[in-house]
Every structure is written in C-alpha cells, then in structure tokens.
Amino acid sequence: MDFPAHVPLAIATRNDHVERIHWGSVAVVDNEGCLLAYAGDPGSMMFSRSTLKPFQAIPFVRDGGVEHFGFSDEQVAIMCASHSGETPHVNAVSGILSKIQRASSDLGCGCHLPDFYTADNLPPQGFRYDQRHHNCSGKHSGFLAYCCLHGLPTETYLSPEHALQRDIQRQVATLTGVAENQLWTGIDGCNAPNLGMPLSRLALLWARLASADGGGDASLDPVLRRLFDAMRSHPEMVSGTGRADLGITLSSNGDWVAKTGADGVQTVGIRSRGLGVAVKISDGDFPSVFAVTIAVLKQLGVLDQDGEIPLLAPWADPVLRSYNGSRAGQLKATVQLKFV
C-alpha cells in the first residue's frame, strides 16, 4: 500500500500552543492538465467523493434529458449538490421525481436527518424526513431520470455494472485522461459507485468543467457549460444556508464554483482563469479544508491576499471557541503553494 507524501497544511492552536496538525495536498491545474501550483503530493490517489457529482450528471444532460423532462436550472443544480435538506432542496427533488414518475422510495441513497438541522437548530416537533432529505438525493434523482430516459432498469441503478455507472466511468476517463481500469472504484456514503484518481486529475476535471472543455470531445463542451452555469447561478441549491461552498462560490461574483466532498476533499473551478483546484486533508477535517482552500485562492491571486472578505469570515482561519463563546484557540491555514 502506497502512502501519499502529504505535508502540513493547517494547524489548530490552543493558548498559542499547537494542538493539531492537519496534513494534506493541493493541486492547481489548467484545462490542458498542466500542473501550475501544488503543495504536498499532487499525484496522490484519492477518492473524489461528492466533488464527482457534476460529472455523474453528464450522461443525463448529454443525452437531452433536461429538455426531455423539462428540468429547470435549479433541478440541474440539485443533481450536482450535497444539499442541506432545506425546503427548496426537497421541493426540487420532489419536482424531478414527479416529472419522471418515480417515488422517493425509489431513491437508493437511504435517508438521514437533514444537514440543515444541528444541535442548536433542532427540527420542529413531529418533523418527518425521507430519502428526499438526504444530501445526495438530487444526484440519485438524476440517476433515476437517466434510467427513465433510456428505458433502463431502476432497481439496479447503483450497481457498478449498470449501463449508467459504466457511462459515467467512461466520461470521467475521457475528461481526466486516466484509463478506466486505472481509476479507483469504491462505494460512496450514499451507496453510489465512486471513483478515485490522482489529485491533479480531479483538479483537471474541475478546470474542464469551468472552461467548458470536453478534453477533445467537443460534444461535451455545451454539457459542461450547462452544468457549471446551473451551479454558479444557483449555488444555494448546490449546498445550503450557512455552508462554506455557498460562501466561497458567492465570493467570486459568478466566476467560480466550489464543491466539497466527504473526508476532506474540496474542489473549485475558476472560469476566468481556466483553473481547477483540488484539496485533500488527510484526516477529513472540514474546517481545515475550507481554511486551506481560501488560503490557496488568495495565493493564486483570485482573492485579496490581505483584505477581509465578510462572506468567508466563518471559514478563513476561524477562532475556536468554547461552548460559552470564549476564545479557546485558532485554526490557521499554513499551506504554501509551490508554483511550477
């Protein structure tokens, strides 16, 4: 088993003493696959997790499914989302299921308490939730829509051998330049097949999404443009209220889209620069990956290096507080990009 050559990217202090060190890697790539900047091991293999979602929606959009069923831009965005289970998210998924004449019980993602609710924001008494509230239900409703579009079985749509999943793997191989048999295969937390690849190839995916560049397959250019435009026009559908992805995307005034994945994965596609950014924090710490991503965007010169950005204040080197609100420490991104 090979271990990635990660480096420290962030630290957490308590009373000015280092308590935690968060290791990881960063890759910044243009839409032709050239590595422009990095930290740690940009060639390390890792699972893409939910940062793969826009690319899992490619076959449906490519084959005219949006037009066939009359999906709105919000419904296109929700197919790419790790949403919070808020009312607009659930309504978008419900609308998709209605258009394809399927029920929430057909979604194979399982269900969990919506991410919108927390220890200090409990659901109302008697609140009931189902598969539509799962953060991946938009992706799964898109999977079902692809099957309905092509008359494929829906009961087995999560099998790695299903025509849909094979189609997704082929498209990812085309866009990354990684042979299908070299992509890692695994199962994500929502039961869907997931793909692993070098961190730099994940960054390439996002550079091509932002650039609407199908990697030699011109038929994918408008598909990528449609997906990116839906996500940047409706970032509230891609994540949710108070989420880092929403704040990072909104801070760009429409120039980029951010997408988080489980276990410390973060991606950003920057249209004006034709860049893809991929970050991996090895211990999966979400606050660290957000702080590192913001620091990387500053070092790339797309965010003000010194200025305070109100939208990003909750995630940019945040103060760590006790439960009564007292300052206890600070999380600080220590990443230093190396430019090629």
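Residues numbered from 1 in each chain as written. Predicted model: local features only at pLDDT ≥ 70, side-chain atom pairs only at ≥ 80, totals over all residues. Heavy atoms only, no water.

(A) Expanded view of unusual backbone geometry. Phi angles above zero are rare outside glycine, and N253 is one such case at about 55 degrees. Unusually for a residue other than glycine, D317 sits at a positive phi of about 45 degrees. When you line up the elements, D317 lands in the loop between α12 (286-299) and β10 (319-321). The class for D317 is partly exposed, based on a relative accessible area of 24%. (Helix = DSSP H or I, 4+ residues; strand = E, 2+ residues; numbered from the N terminus. Buried < 20%, exposed > 50% of the residue type's maximum accessible area, 1.4 Å probe, protein only.)

(B) Fine view of the layout of surface pockets. Computed from the structure, the largest pocket encloses a volume of approximately 470 Å³. Together, 22 residues line the largest pocket, and D115, R243, T260, A262 and F286 are the ones closest to its centre. Looking at the lining of the largest pocket, the elements that each hand over two or more residues are α11 (244-250), β7 (256-261) and α12. Looking at the lining of the largest pocket, its residues break down into 8 nonpolar, 8 polar and 6 charged. (1 Å grid on protein atoms, 1.4 Å probe; cavity = no way out; pocket = protein on both sides within 12 Å on 5 of 7 lines; lining within 4 Å. Points joined across faces, edges and corners; volume = space filled by probe spheres on them. Nonpolar A, V, L, I, M, F, W, Y, C, P; charged D, E, K, R; others polar.)

(C) Quick look at the pattern of salt bridges. Scanning the entire structure with this criterion turns up 12 salt bridges. The partner of R49 in a salt bridge is D263, and the shortest N-O contact between them spans 2.9 Å. Of this pair, R49 sits in the loop between β4 (45-47) and α1 (53-56) while D263 sits in the loop between β7 and β8 (265-270), and the two are 214 residues apart along the sequence. You can call R49 buried: its relative accessible area is 18%. The exposure class of D263 is partly exposed, given its relative accessible area of 43%. Close ionic contact of R62 with D63 constitutes a salt bridge, the shortest N to O distance being 2.7 Å. (Salt bridge = Lys/Arg side-chain N within 4 Å of Asp/Glu carboxyl O.)

(D) Broad picture of helix α5 (residues 87-100). Its 14 residues give α5 an end-to-end C-alpha distance of 20 Å, which sits within 8% of 20 Å, the value for a rise of 1.5 Å per residue. Buried within α5 are the following residues: H89, V90, A92, V93, G95, I96, L97 and I100. Residues of α5 that are buried make contact with α3 (65-69), α4 (73-79), α6 (137-150) and α10 (235-238). A positive phi of about 60 degrees marks Q101, the residue just after α5. (Expected span 1.5 Å × (residues − 1). Contact = heavy atoms within 4.5 Å.)

(E) Structural detail: the packing of aromatic side chains. For the structure on display, the rule yields 10 aromatic pairs. Measuring from centroid to centroid gives 5.1 Å for F47 and W184, while their planes differ by 50 degrees, and the two rings are tilted. On the criterion of sequence distance, the pair formed by F47 in strand β4 and W184 in strand β5 (residues 184-187) is long-range, its members being 137 residues apart. Here the aromatic rings of F116 and Y117 are separated by 5.4 Å at their centres, their planes lie at 70 degrees, and the arrangement is edge-to-face. Taken together, F116, Y117, F127 and Y129 form an aromatic cluster joined through their ring pairs. (Phe/Tyr/Trp six-rings, centres within 6.5 Å; stacked < 30°, edge-to-face > 60°.)

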